[in-house]
2 protein chains.
Amino acid sequence: MTYCLAIRVDTGLVFCSDSRTHGGIDNVGTYSKMHRFGWSDQRHFCLLSAGNLATTQSVLRRLRQDIQRDQRISLRTVPSLDLAADYVGSIRAEVQQRHARRHSEPTDFTASFLLGGQIGSAPPGLRLIYPQGNAIHESSEHPFLQMGEVQYGKPLLDMVTSQWSLEAAARCALVSMDTTLQSNLSVGPPVELLILTGDRLDGGRHLRWGSEHLFLRELRSQWHQGLAAAIGRLPPFPWEESSLNREKTYKNAR
Amino acid sequence: MTYCLAIRVDTGLVFCSDSRTHGGIDNVGTYSKMHRFGWSDQRHFCLLSAGNLATTQSVLRRLRQDIQRDQRISLRTVPSLDLAADYVGSIRAEVQQRHARRHSEPTDFTASFLLGGQIGSAPPGLRLIYPQGNAIHESSEHPFLQMGEVQYGKPLLDMVTSQWSLEAAARCALVSMDTTLQSNLSVGPPVELLILTGDRLDGGRHLRWGSEHLFLRELRSQWHQGLAAAIGRLPPFPWEESSLNREKTYKNAR
């Protein structure tokens with residue numbers, strides 16, 4: 001399947017996506033699910049994709065064509081993030097219907113998208129575009145959106161508040177992603193991360209790591225140590241000795 | 001739905017279950033899903049239940065009747081954990097088929113069980129009994145089993161090794177449960193915990209907490225602080241300042 005997420009904090013946006021696609025466990029591929037569109041000092045978008053690969057590729061192709069052909073409506077011209085979400089959603093619906101008309105047997109052609117970005121001086125934002133065409137945005141109480149295998153990594157994102165720094169949110173996004181990578185074979189590397197600083201409109205920082213990259217290995221190792229330490233500090237049961245003796249029991253945590 | 005789990009470490013077994021049942025979001029109830037059977041110095045079982053409540057209640061009723069009526073085969077007489085799992089599975093199949101025969105419309109009468117325990121001097125063990133009647137056991141590489149809403153809390157259980165103490169495993173079980181409680185409304189308190197020390201055959205330690213219990217609130221608070229600290233210690237991105245300044249960014253973690 002997929003795991004994609006985006007977080008909005010006061011100082012900007014963080015996006016994170018995996019790269020595994022499959023048409024069955026014996027037909028696994030690697031495709032980027034992070035698609036960036038930007039015009040310096042004007043507007044920047046990040047579009048994360050999930051679902052039927054042929055549908056998402058058709059949608060991306062159309063988005064790029066509309067820009068190249070200077071169409072009246074494109075990601076270059078839409079005046080707001082909501083209208084950008086409508087525009088992407090309508091293209092997706094068109095593509096899905098076209099494929100469905102050509103095919104007589106029931107097949108899932110649906111795709112979802114997680115769109116975020118900033119247009120001019122408008123505040124940065126996020127939109128989750130459902131296969132049905134409607135969309136939701138994040139909120140201050142729920143400053144993130146996810147797609148795909150969302151459950152393994154959600155408890156970590158629940159900790160984030162809008163006051164966190166971009167880098168703190170990005171680290172949380174990465175452990176949320178890595179937790180999911182370890183638990184679900186349909187989610188796999190490379191992992192991509194994009195950090196867009198609000199009001200900078202400069203395309204942000206984009207990073208990409210394969211599974212053996214030192215940074216991801218170090219992140220995973222430090223995270224496991226941190227979790228073991230966190231468990232070691234949990235309150236004792238009524239019958240236990242003082243917590244000083246409890247640190248020893250976690251040496252074997254993997 | 002449900003969340004139940006059990007862990008086997010070298011020194012014994014840990015069981016943890018929630019208590020929420022529902023027939024739709026407007027029909028929520030509270031029923032214990034942890035059923036204990038024990039005979040001092042001889043054998044102890046813990047049976048966690050999930051699925052159709054009428055099925056699980058029928059199965060439990062039959063298990064108790066077989067014991068009370070001194071039936072040739074009951075949890076008091078089965079010679080091994082595998083045969084105990086077969087016995088429970090066969091009663092479950094009989095109950096499911098009986099209910100299905102009386103009902104013409106498709107309805108899900110299935111139930112799953114997580115059985116664990118120790119018989120005499122045989123090693124303690126766990127069995128996950130599927131609705132289809134077959135069962136699996138834990139392994140040294142995967143020393144736990146789960147039922148229900150398993151994804152939110154699984155990454156924490158992945159840390160456990162068989163060398164952990166019973167109390168360490170129990171704390172891990174509780175945070176796995178609490179993480180799930182916070183993320184899925186179909187899983188709810190009271191939370192029950194059973195710790196069976198291997199070879200003691202004394203019924204173990206059983207605890208039960210409502211959502212407002214001080215211990216659970218303290219556990220959740222300490223866990224969130226531990227997670228925030230763990231995120232704070234993750235490796236910096238190449239462009240960041242020294243980690244000394246990073247601790248400040250987590251003051252607002254919830």
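What you see is a predicted model; the values in this text were computed from it and never measured.

Draft legend 1. Structural detail: the overall build of chain A. When you go through chain A residue by residue, the secondary structure sums to five helices and twelve strands. The dimensions of chain A, computed from C-alpha atoms along their principal axes, are 70 × 45 × 35 Å. The buried share of chain A, taken over its 254 residues, is 53%. Restricting the contact set of chain A to residue pairs at least 6 apart, pairs at least 24 apart contribute 60%.

Draft legend 2. Highlighting the nonpolar core. In terms of nonpolar packing, the biggest core is built from 76 residues, with A:Ile7, A:Leu193, B:Ile7 and B:Leu193 touching the most fellow members. In contact with B:Ile7, not counting residues within four places along its chain, are B:Gly12, B:Leu13, B:Val14, B:Leu126, B:Pro143, B:Phe144, B:Leu157, B:Val160, B:Ala169 and B:Ala173.

Draft legend 3. How the structure looks around the packing of aromatic side chains. The tally for this structure, following the rule as stated, stands at six aromatic pairs over all chains. Taking 5.5 Å as the distance between ring centres and 25 degrees as the angle between the ring planes, the aromatic pair formed by A:Phe215 and B:Phe237 counts as stacked. Placement of the pair is A:Phe215 in helix α5 (residues 214–232) and B:Phe237 in the segment after α5 (214–232), with the two residues belonging to separate chains. B:Phe237 carries the same exposure label as A:Phe215, and that label is buried. Grouped by ring-pair contacts, the aromatic residues A:Trp209, A:Phe215, B:Phe237 and B:Trp239 constitute a single cluster.

Draft legend 4. Fine view of the pairing of strand β2 (residues 12–17) of chain A. Residue and element names in this part refer to chain A. For β2, the buried fraction is high: six of the six residues fall into the buried class. Side-chain alternation along β2 places Gly 12, Val 14 and Cys 16 on one buried face and Leu 13, Phe 15 and Ser 17 on a second face that is also buried. With six bridges joining them, strand β1 (residues 3–9) and β2 adopt antiparallel strand pairing. If you follow Ile 7 over to β2, its bridge partner there is Val 14. Counted along the chain from β1 to the antiparallel partner β2, the turn is two residues long.

Draft legend 5. Representation of the interface of chain A and chain B within the structure. Between chain A and chain B, the residue contacts involve 53 residues of the former and 53 residues of the latter. A combined buried area of about 4,700 Å² lies between chain A and chain B, and 68% of that area is made up of carbon and sulfur atoms. At the boundary of chain A with chain B, the tally comes to two salt bridges. A salt bridge links B:Arg171 to A:Glu240, with the shortest nitrogen-to-oxygen separation between them at 2.4 Å. For the side of chain A that touches chain B, the secondary-structure elements that each account for two or more residues are α3 (154–157), α4 (166–183), β11 (191–197), β12 (205–209) and α5 of chain A. Top element by residues in the side of chain A that touches chain B is α5(A). It accounts for eleven residues. For the side of chain A that touches chain B, the class distribution of residues is 30 nonpolar, eleven polar and twelve charged.

Draft legend 6. Layout of the packing of α4(A) against α5(A). Residue and element names in this part refer to chain A. The contact between α4 and α5 brings their axes to 11 Å, and the two run at 90 degrees. The angle between α4 and α5 falls in the class roughly perpendicular. Contacts between α4 and α5 involve Leu 174, Val 175, Asp 178, Thr 179 and Gln 182 from the first element and Phe 215, Leu 219, Arg 220, Trp 223 and His 224 from the second. Residues of the contact of α4 with α5, tallied by class, amount to five nonpolar, three polar and two charged.

Draft legend 7. Spotlight on the environment of B:Ser19. Residue and element names in this part refer to chain B. When you line up the elements, Ser 19 lands in the loop between β2 (12–17) and β3 (20–22). Residues Ser 19 and Lys 154, spaced 135 residues apart in sequence, show a C-alpha to C-alpha distance of 19 Å. Ser 19 has contacts with Gly 29, Thr 30, Tyr 31, Ser 32, Lys 33, Gly 188, Pro 189, Pro 190 and Glu 192, leaving out every residue within four places of it along the chain. Only 2.6 Å separates the side chain of Ser 19 from the backbone oxygen of Pro 190, close enough to count as a polar contact.

Draft legend 8. Up close: the sheet that holds β2(B). Residue and element names in this part refer to chain B. Strand order across the open sheet formed by five strands is β10-β1-β2-β11-β12, with antiparallel pairing between neighbours. Each end of this open sheet is capped by a strand with a single partner; those strands are β10 (144–148) and β12 (205–209). Each adjacent strand pair in this sheet contributes to an overall mean axis angle of 10 degrees, direction not counted. Both strand β11 (residues 191–197) and β12 contribute to a ladder of five bridges, which runs antiparallel. The residue of β12 that forms the bridge with Leu 193 is Leu 207. Strands β1 (3–9), β2, β11 and β12 of the sheet are contacted by helix α4 (residues 166–183), whose axis makes an angle of about 15 degrees with β2.

Draft legend 9. Representation of the relation of the copies chain A and chain B within the structure. In the superposition of chain A on chain B (RMSD 0.0 Å, axial shift 0.0 Å), the rotation amounts to 180 degrees. Here the transformation between the copies is reduced to the relation of a two-fold axis. For chain A, the smallest separation between a C-alpha atom and the rotation axis is recorded for A:Tyr152, amounting to 2.3 Å. When the interface residues of chain A are mapped onto chain B, 100% of them are again interface residues, pointing to one common binding face.

Draft legend 10. The environment of B:Ile91, seen in detail. All names here are of chain B. With respect to the helices and strands, the residue Ile 91 is situated in helix α2 (residues 81–102). On the accessibility criterion, Ile 91 (2% relative accessible area) is buried. Residues Ile 91 and Val 14, 77 residues apart in the sequence, show an inter-C-alpha distance of 25 Å. Residue contacts for Ile 91: discarding those within four places in its chain leaves Val 59, Arg 62, Leu 63 and Asp 66.

Draft legend 11. Focus on the sheet that holds β2(A). Residues and elements named next belong to chain A. Within the open sheet, the five strands sit side by side as β10-β1-β2-β11-β12. Their pairing is antiparallel. The open sheet terminates on both sides in strands that have one partner only, identified here as β10 (144–148) and β12. Adjacent strand axes in the sheet meet at a mean angle of 10 degrees when their direction is disregarded. Across the sheet, α4 lies against β1, β2, β11 and β12, angled at about 15 degrees from β2, the strand it touches most.

Thresholds applied
- Residues numbered from 1 in each chain as written.
- Chains lettered and ligands numbered in written order.
- Predicted model: local features only at pLDDT ≥ 70, side-chain atom pairs only at ≥ 80, totals over all residues.
- Heavy atoms only, no water.
- Helix = DSSP H or I, 4+ residues; strand = E, 2+ residues; numbered from the N terminus.
- Buried < 20%, exposed > 50% of the residue type's maximum accessible area, 1.4 Å probe, protein only.
- Contact = heavy atoms within 4.5 Å.
- Core = buried A, V, L, I, M, F, W, Y, C linked by side-chain atoms within 4.5 Å.
- Phe/Tyr/Trp six-rings, centres within 6.5 Å; stacked < 30°, edge-to-face > 60°.
- Pairing = 2+ DSSP bridges.
- Buried area = accessible area lost by both parts, 1.4 Å probe.
- Salt bridge = Lys/Arg side-chain N within 4 Å of Asp/Glu carboxyl O.
- Nonpolar A, V, L, I, M, F, W, Y, C, P; charged D, E, K, R; others polar.
- Axes fitted to C-alpha atoms, helices over the stretch in contact; angles between N-to-C directions.
- Parallel < 35°, antiparallel > 145°, perpendicular 65-115°, else oblique.
- Polar contact = N/O pair within 3.5 Å; in protein donor to acceptor, adjacent residues only side chain to side chain.
- Least-squares fit on C-alpha atoms with pLDDT ≥ 70 in both.

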